[in-house]
Structure formats: C-alpha cells, structure tokens
2 protein chains.
Amino acid sequence: MRSDDVPEIRELTLFRALADDAFETLIRGAYLQTFPPTVELIREGDSPDFLHVLVEGGVELFSGWHRRETTLSMLAPVSTFILAATITDRPYLMSARTVSKSRVALIPSEDVRTVFDADRDFANAIVNELADCFRASIKHAKNVKLRSSVERLANYLLCEVAAQGGGSEEGQITLPYEKRLIASWLGMTPENLSRAFGSLRPYGVKVEGALVHLSDMSSLRRLAKPTPLIDDPAS
Amino acid sequence: MRSDDVPEIRELTLFRALADDAFETLIRGAYLQTFPPTVELIREGDSPDFLHVLVEGGVELFSGWHRRETTLSMLAPVSTFILAATITDRPYLMSARTVSKSRVALIPSEDVRTVFDADRDFANAIVNELADCFRASIKHAKNVKLRSSVERLANYLLCEVAAQGGGSEEGQITLPYEKRLIASWLGMTPENLSRAFGSLRPYGVKVEGALVHLSDMSSLRRLAKPTPLIDDPAS
DNA sequence: CATGGCGCTTGATCTAAATCAAACCTGGCC
DNA sequence: GGCCAGGTTTGATTTAGATCAAGCGCCATG
C-alpha cells in the first residue's frame, strides 16, 4: 500500500478512532489498485471478501433485475463500501462500478471482523457508520416514493449547490457525474432528466453541459420544498 | 413492566446475547403501554427518547411530505424501532403508528446507549440489527425502483405465502394488514392495488376480502421473477 | 336490528413518465 | 483535423399509474 494514501484513509470517520496497532493490522493486509472507468468492482450476490475504500475517483452502487438497472448510491472519496455486507458476511445486495479512473483500497473482510471483535472504538465507529448508511437509504426511499421527478431534480440541485459552496440566491455547480448516472439515481430516464431540467428553466435553472447556473434559488426552493429529513446528509 | 412479556422481549435477537444484569438494566427503566389502533407513537423530526419494542399488535413506519404520505415498513411482533435513531441520538426520519391494538415497551434511549458502551455482546447484536435494517431498506428501494406495481404485488404474495406456510403450487394467505396499508408500502394507491390484484387473476390469484388464494404459483413465479436479493428477508 | 362510516372495487379520465426514434453535440482517438 | 462513438436533447407516441367519482359491502355501535 502506498504510504501516500494511508493518512487520507486514517482520517475517515470509520478509522479515526482506531488504535494505531489495529489500524496497522487493517492496512498491512490491504492492497491498493487503480481501475479505469466502468470496471465492475463488486457483483451483487457475491460474497463480501473485502471492505473497499474509494481513495480517488468515483464509484456507483447499482442493482439490476431482468434487464432493468438502477443506481442506488454514488460514492465520492474518501468513503467505504459495503460495510453491512462485510460485517455480517452476507452476499452483496448491490454491485459497484467505477465511473471514472479510481484508486481503491481492498481490506480483507476477515481482518475487519477481527479488529471489530477486538477494538471497542472500532465497534462504535462501525455502529455509527451503519446507522448513517441506513438513514441515507431511508432518505433515498422517501425521496423516490414521495416526490415527482421534477421535485427530485430540484432538490438535488439545491443540495449540490450547498455542497459546492453556492450562495443563498445564486449559485453555480458542476455536475459531479454524467447526467445519465444522475438520472438513474434520481429514478428516471436520461430523456426525462433532460425534460425535467427544461421544466426548471422558469425557476432560474440554466444548463450548459455539466455546468448548471441557479439564478433564482428562492423560487426554486418554493417548488422543491426541501426538508432536512430527506435532503440533509448530515441530519 | 408485566413479567409476562419479559421472556418474549428477552428472546429477541437484539437482547438474547445480553448479560442478565445488562438486560435487567434495560427492563428496569422501561415501561409498557397498550395503545388502540391509529395512535401515533413517533413523529418524524422528533428526538429519539425511547427505543420502542412492539410486543403485540402491529405498527406502521411511515413518512409524509407536503400532503403526501408513504409507508416505509410494517412491523410485526416482537420487533424494535427505531434503533438507528436511538443509537446515534439523531432525529427520527420516520413516524410510527399502531395499525391495531398494540402493546409496546419503551426503553429509554440513554439506557440503551449506556448498555451499548458497556456490553460487548450487545454492541455486536446492535451492529447486526443495524446491518439488517439497512439491507432491508436497500431491498425495498430495489423493489420500488426496479419493478412495476403488478410485479411488486406478485412478489409480495409469494413472500407472504412462504411466510404463512403455503405449498409450492397452491396456497392461501390472510393479508396481515389492511389493503390500503399494503398498497402504500408497495408504492401505489388502493385503487391501483385493486386493479393489480385483478390483473393477477389469470395467474391463479383469487381474492376474498383479506383472504387470498394462489392456485398456480408456477405461473405467478414466472411473472414475478423473485430473487433472494430483493425478496428474501433472511438473505 | 338498523344505521353510519370506512374500506374496497369499479369506471372514467387525466397525467407523469417511459419508450422509441432521430438529430445534434462533444470529446477522444487516429 | 477529421471521424466515430457515446451522451444528450427533442419530438411523437404509448403506457402505467394517479385522480376523481360513485356505489357496494362489511363491521361496529347504538
């Protein structure tokens, strides 16, 4: 494992409270690989041999069912996947694929479980991480079941502009993923995402490729009606 | 707390591995209440003062957003809610309401966190319970995003007949909840659920009130295409 | 036993989104 | 610099599901 990446991995909430020797145990048995885009790292149904850590790039968690496919999560560095499968040693429910050139650390699941048994702080961190994942999944289900596709897009844009340091009235974002991936995560087709962007034009939303300008966020908020119980990742 | 209920609560996976004194700590501070149907036990956004244990009856976990509402989970005895909120001490993301006369134990969240800090086996059980909740939520999101409403109903019936001890070709179930609640959980209106039942008639599905007869389960499976990665609660 | 309320079913209509097709645009590769 | 492939946009059409309305049936209550 390149020592360059270790500090960034150490700083992850999951690992931060770990005793040094416990962290060393995990890192010593891990290895790091760089993957080009569109490589399938995990296939749903498979056994979770590793806890993956995305160090650089981007990863999509998705699932398929008889010629249909949907995106369930989009991961940014630095983050782990899939802790719930690793800790319970049950088959992956989701597949994972790189969406851009990515560097991923693979930590053997057995090592994770060994340290989990031994290190109290790690157990605490795991509990909080699992609770966060579960809460994120509930928010996603609420988003999909309670809102129309235009409402989901509007709220997505408001979240993204907050994450990218925009103002409270105007802002600009660069979409972090291809539009067809965002469409899939939001539960719609790429054509429909395009039409949804179009229907937000009267609310001050202007699209130029991957660049999106928001010039009337009050108006957009009135349409979107954001709530921290769905839209705030930290809540 | 009535001593009648304590053995059933003790047998829950979450509490089974607890040391006797730790379990006593939880039970001593808890109290038990009986509620009539349609009582709101939890409101989303509120602070999680208690971990609830459903001892008898039924509870629906649901969420609302500007005049819209959806069911996110239907709980049967004996089960707990909402562990993720209790353990992280963050606001409830879902509301809970009784769907029939129910007996519910309320265990103070502080006691839960105290025992979590002190009892290693409890920490393990909590991790597994959270992972299970997260996995169930992923399966629900997959069901909602990947399947049509008829496919969701067909798979629901196949699951329910397996849970109620039906055969592999024919079976009969009693719907455990009102149809409008099942419709909400499956992500459709009551009218649409009725029509979905109707469109399953050619597949051997016959409805009489809350009683459902399945007389051609091979045919129904070919339509439903069940997969353990969505439909098996134990997988 | 009668009445009223709520859940469910059915019919008619509307709408949001998917599907299919075609054209355009952009970026990467030769 | 040109070409090609993939992503995106736009148009037309279809479809799944929602909405609205009305009627029926069942269960609980008086």
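Source: prediction; values computed, not measured. (Residues numbered from 1 in each chain as written. Chains lettered and ligands numbered in written order. Predicted model: local features only at pLDDT ≥ 70, side-chain atom pairs only at ≥ 80, totals over all residues. Heavy atoms only, no water.)

1. Quick notes on the packing of aromatic side chains
All names here are of chain A.
So, step 1. Evaluated as defined, the whole model comprises eight aromatic pairs over all chains.
So, step 2. Between Phe15 and Phe23, the aromatic rings sit 6.0 Å apart at their centres with planes inclined by 55 degrees, giving tilted as the arrangement.
So, step 3. Between Tyr31 and Phe50, the ring centres sit 5.8 Å apart and the planes meet at 90 degrees, which makes this aromatic pair edge-to-face. Residue Tyr31 is located in strand β1 (residues 31-35), and its partner Phe50 is located in strand β3 (residues 50-56); the two are separated by 19 residues in the primary sequence.
So, step 4. For Phe50, a relative accessible area of 21% corresponds to the partly exposed category.
So, step 5. An aromatic cluster of at least three residues, connected via ring pairs, comprises Phe15, Phe23 and Phe122. (Phe/Tyr/Trp six-rings, centres within 6.5 Å; stacked < 30°, edge-to-face > 60°. Helix = DSSP H or I, 4+ residues; strand = E, 2+ residues; numbered from the N terminus. Buried < 20%, exposed > 50% of the residue type's maximum accessible area, 1.4 Å probe, protein only.)

2. Section: helix α10 (residues 217-224) of chain B
So, step 1. Buried residues of α10(B): B:Met217, B:Ser219, B:Leu220, B:Leu223 and B:Ala224, and no others. In a view along the axis of α10(B), the buried residues occupy a sector of 155 degrees, so they form one face of it.
So, step 2. Looking at the buried positions of α10(B), the neighbouring elements they touch are β4 (59-65) of chain A together with α7 (149-163), β9 (171-174), β10 (205-208) and β11 (211-214) of chain B.
So, step 3. B:Lys225 sits one or two positions beyond α10(B) and adopts a positive phi of about 45 degrees. (Arc of directions from axis to C-beta. Contact = heavy atoms within 4.5 Å.)

3. As for the state of the cysteines
So, step 1. In the structure shown here, the tally under the stated rule is zero disulfides over all chains.
So, step 2. Here B:Cys133 stays unpaired: no disulfide links it, and the sulfur of A:Cys133, its closest cysteine neighbor, is 13 Å away.
So, step 3. The closest cysteine sulfur to the non-disulfide-bonded B:Cys159 is located on B:Cys133, 17 Å from its own sulfur. (Disulfide = S-S within 2.5 Å.)

4. Focus: the domain arrangement of chain A
Residues and elements named next belong to chain A.
So, step 1. Considered domain by domain, chain A is made up of domain 1 (3-145) and domain 2 (147-231).
So, step 2. Taking only C-alpha atoms into account, the centre of domain 1 sits 27 Å from that of domain 2.
So, step 3. Taken residue by residue, the interface counts 16 residues in domain 1 and nine residues in domain 2.
So, step 4. Taking both sides of the interface into account, the surface hidden between domain 1 and domain 2 amounts to around 1300 Å²; carbon and sulfur atoms contribute 58%.
So, step 5. If you look at where domain 1 meets domain 2, you find zero salt bridges.
So, step 6. At the junction of domain 1 and domain 2, the tally comes to five residue pairs in polar contact (both at pLDDT 80 or more).
So, step 7. Elements represented by at least two residues in the side of domain 1 that touches domain 2 include exactly β5 (68-75) and α6 (120-146). (Domains from an automatic or database assignment. Buried area = accessible area lost by both parts, 1.4 Å probe. Salt bridge = Lys/Arg side-chain N within 4 Å of Asp/Glu carboxyl O. Polar contact = N/O pair within 3.5 Å; in protein donor to acceptor, adjacent residues only side chain to side chain.)

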